[in-house]
Amino acid sequence: RKEVEQDPGPFNVPEGATVAFNCTYSNSASQSFFWYRQDCRKEPKLLMSVYSSGNEDGRFTAQLNRASQYISLLIRDSKLSDSATYLCVVKDDMRFGAGTRLTVKP
Amino acid sequence: EAEVAQSPRYKITEKSQAVAFWCDPISGHATLYWYRQILGQGPELLVQFQDESVVDDSQLPKDRFSAERLKGVDSTLKIQPAELGDSAMYLCASSLAGRTDTQYFGPGTRLTVL
């Protein structure tokens with residue numbers, strides 16, 4: 001089993017849709033996590049941290065489920081500009097998932 | 001806004017040749033990271049420096065890869081000899097000391113080995 005696993009997608013959604021991605025991790029001792037966004041042929045950029053109490057930033061909500069060892073990212077009211085690959089990261093050892101590709105269509 | 005600088009942006013080389021990549025972190029960032037990202041995968045940490053010292057190089061293929069940060073500022077990653085499987089994006093990132101939540105990536109060097 002990979003240490004950090006994501007559904008590669010692609011997720012193709014219309015503008016305004018709500019979409020959610022999950023990311024599972026294998027190390028139960030992991031304490032903290034991030035979501036990064038990566039545009040095609042660009043570097044990853046930090047989107048948000050994932051706190052045990054959950055974290056919301058505008059249309060984006062990140063949650064952690066320790067019992068089932070996964071984190072999630074929810075995007076509400078999707079915009080065309082949200083099209084990108086979303087990478088989850090286990091902060092403790094900076095292990096990245098392979099990313100989930102999202103395409104938002106008009 | 002301060003940025004991580006990397007050069008070259010693109011490099012094409014033949015297998016068995018030597019290649020080197022350079023990274024200049026954001027001023028004041030004591031921690032520097034080198035990652036390799038193969039197409040369709042997430043970045044994989046190769047080496048992490050705290051100032052001039054290596055903190056983690058457990059995933060660095062030491063038979064052919066080397067990294068240095070002699071003065072604790074800029075850094076060089078070298079591959080010798082390059083192999084076909086080394087074709088990837090090589091990303092450098094920096095952060096305040098130990099603060100992975102303030103990690104910023106450079107634009108990367110895209111390496112193609114023929």
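Preceding this section is the structure that the text describes.
Each chain has its residues counted from 1, running along the sequence as written. Labels follow written order: the first chain is A, the first ligand is 1, and so on. This being a predicted model, a pLDDT of at least 70 is required before a residue's local features are given, and a value of 80 or more before pairs of side-chain atoms are given or counted; all residues contribute to the totals for chains, interfaces and linings. Note: side-chain values were computed over all heavy atoms of the structure, leaving out hydrogens and water.

**A short note on the overall build of chain A**
Elements are defined by DSSP. Helices are runs of H or I of four residues or more, strands are runs of E of two residues or more, and each kind is numbered from the N terminus. Helix and strand content of chain A: zero helices and 11 strands. What you see in chain A, going N to C, is helices and strands ordered as β-β-β-β-β-β-β-β-β-β-β. Along the longest, intermediate and shortest principal axes, the C-alpha atoms of chain A span 40 × 30 × 20 Å. Sorting the 106 residues of chain A into buried and exposed places 44% on the buried side. Contacts in chain A between residues at least 24 apart in sequence constitute 57% of all its contacts with a sequence separation of at least 6. Surface accessibility of chain A: about 5,400 Å² in total, with carbon and sulfur atoms responsible for 46%. Across chain A, the 14 positively charged side chains and the 12 negatively charged ones have centroids separated by 3 Å. Burial here depends on accessible area, computed with a 1.4 Å probe over protein chains only, as a share of the maximum for the residue type. Under 20% is buried, over 50% is exposed, and the range in between is partly exposed. Any pair of residues with heavy atoms lying within 4.5 Å of one another is described as a contacting pair. To measure how exposed things are, a 1.4 Å probe is used in the Shrake-Rupley method; for residues, cover is taken only from the protein chains shown. Neither His nor the chain ends is counted toward charge; the positive residues are Lys and Arg and the negative residues Asp and Glu. The atoms used to mark charge sites are NZ of Lys, CZ of Arg, CG of Asp and CD of Glu.

**Brief notes about the pattern of salt bridges**
All names here are of chain B. Here, a salt bridge means any Lys or Arg side-chain nitrogen found within 4 Å of an Asp or Glu carboxyl oxygen. Scanning all chains against the criterion turns up nine salt bridges over all chains. The salt bridge partner of Asp 57 is Lys 62, with a shortest N-O separation of 3.7 Å. Using a relative accessible area of 27% as the deciding quantity, one classes Asp 57 as partly exposed. By relative accessible area, Lys 62 is classed as partly exposed at 49%. Salt-bridge contacts for Arg 64 lead to Asp 86; the nearest nitrogen and oxygen are separated by 2.6 Å. Here the residue Arg 64 occupies a position in the loop between β6 (53-56) and β7 (65-68), and Asp 86 occupies one in the loop between β8 (75-79) and β9 (88-95), the gap between them amounting to 22 residues. With respect to class, Arg 64 is no different from Asp 86; both count as buried. A cluster of three or more residues bridged by salt bridges with shared partners is formed by Arg 64, Glu 83 and Asp 86.

**Some words on the interface of chain A and chain B**
Quoted interface sizes are often the accessible area lost when the parts come together. Each partner contributes residues to the interface: chain A has 14 residues there, and chain B has 17 residues. Buried area: the accessible surface (1.4 Å probe) lost by two parts on joining, summed over both. Across the interface of chain A and chain B, roughly 1,200 Å² is buried in total on both sides, 54% from carbon and sulfur atoms. Viewed at the interface, chain B and chain A are joined by zero salt bridges. Identification of polar contacts relies on pairs of N or O atoms within 3.5 Å, with a donor-acceptor requirement for protein atoms, meaning one able to donate a hydrogen and the other able to accept it, and with residues adjacent in sequence counted only if both atoms are side-chain atoms. On the surface where chain A and chain B come into contact, there are one residue pair in polar contact (both at pLDDT 80 or more). Secondary-structure elements contributing two or more residues to the side of chain A that touches chain B are β4 (33-38), β5 (44-50) and β10 (95-96) of chain A. Looking at the side of chain A that touches chain B element by element, the count peaks at three residues for β4(A). Tallied by class, the residues present in the side of chain A that touches chain B amount to eight nonpolar, two polar and four charged. In this classification, Asp, Glu, Lys and Arg are treated as charged, Ala, Val, Leu, Ile, Met, Phe, Trp, Tyr, Cys and Pro as nonpolar, and every other residue, Gly included, as polar.

**Notes on the environment of Ser16(B)**
Residues and elements named next belong to chain B. Structurally, Ser 16 is set in the loop between β2 (10-13) and β3 (19-24). The class of Ser 16 is exposed, set by a relative accessible area of 51%. Each C-alpha atom of the pair Ser 16 and Leu 39 lies 22 Å from the other, and the pair is 23 residues apart in sequence. For Ser 16, the residues in contact, after removing those within four places along its chain, are Pro 81 and Ala 82.

**Quick word on the sheet that holds strand β7 (residues 60-65) of chain A**
Strand pairing in a sheet is mediated by backbone hydrogen bonds. Such pairs are either parallel or antiparallel. Residues and elements named next belong to chain A. Spatial strand order, β1-β3-β8-β7-β6: five strands in an open sheet with antiparallel pairing. Strands with a single pairing partner mark the edges of an open sheet, and in this sheet they are β1 (4-6) and β6 (55-57). Across the sheet, the mean angle separating the axes of adjacent strands is 15° when strand polarity is ignored. If DSSP finds at least two bridges between two strands, the strands pair. Bridge count between β1 and strand β3 (residues 19-25): three bridges; the pairing is antiparallel. Along β3, the bridge assignment pairs Glu 5 with Thr 24. Note on definitions: angles span 0 to 180 degrees between N-to-C directions of axes, and those axes are lines fitted to C-alpha atoms, for helices only across the stretch in contact.

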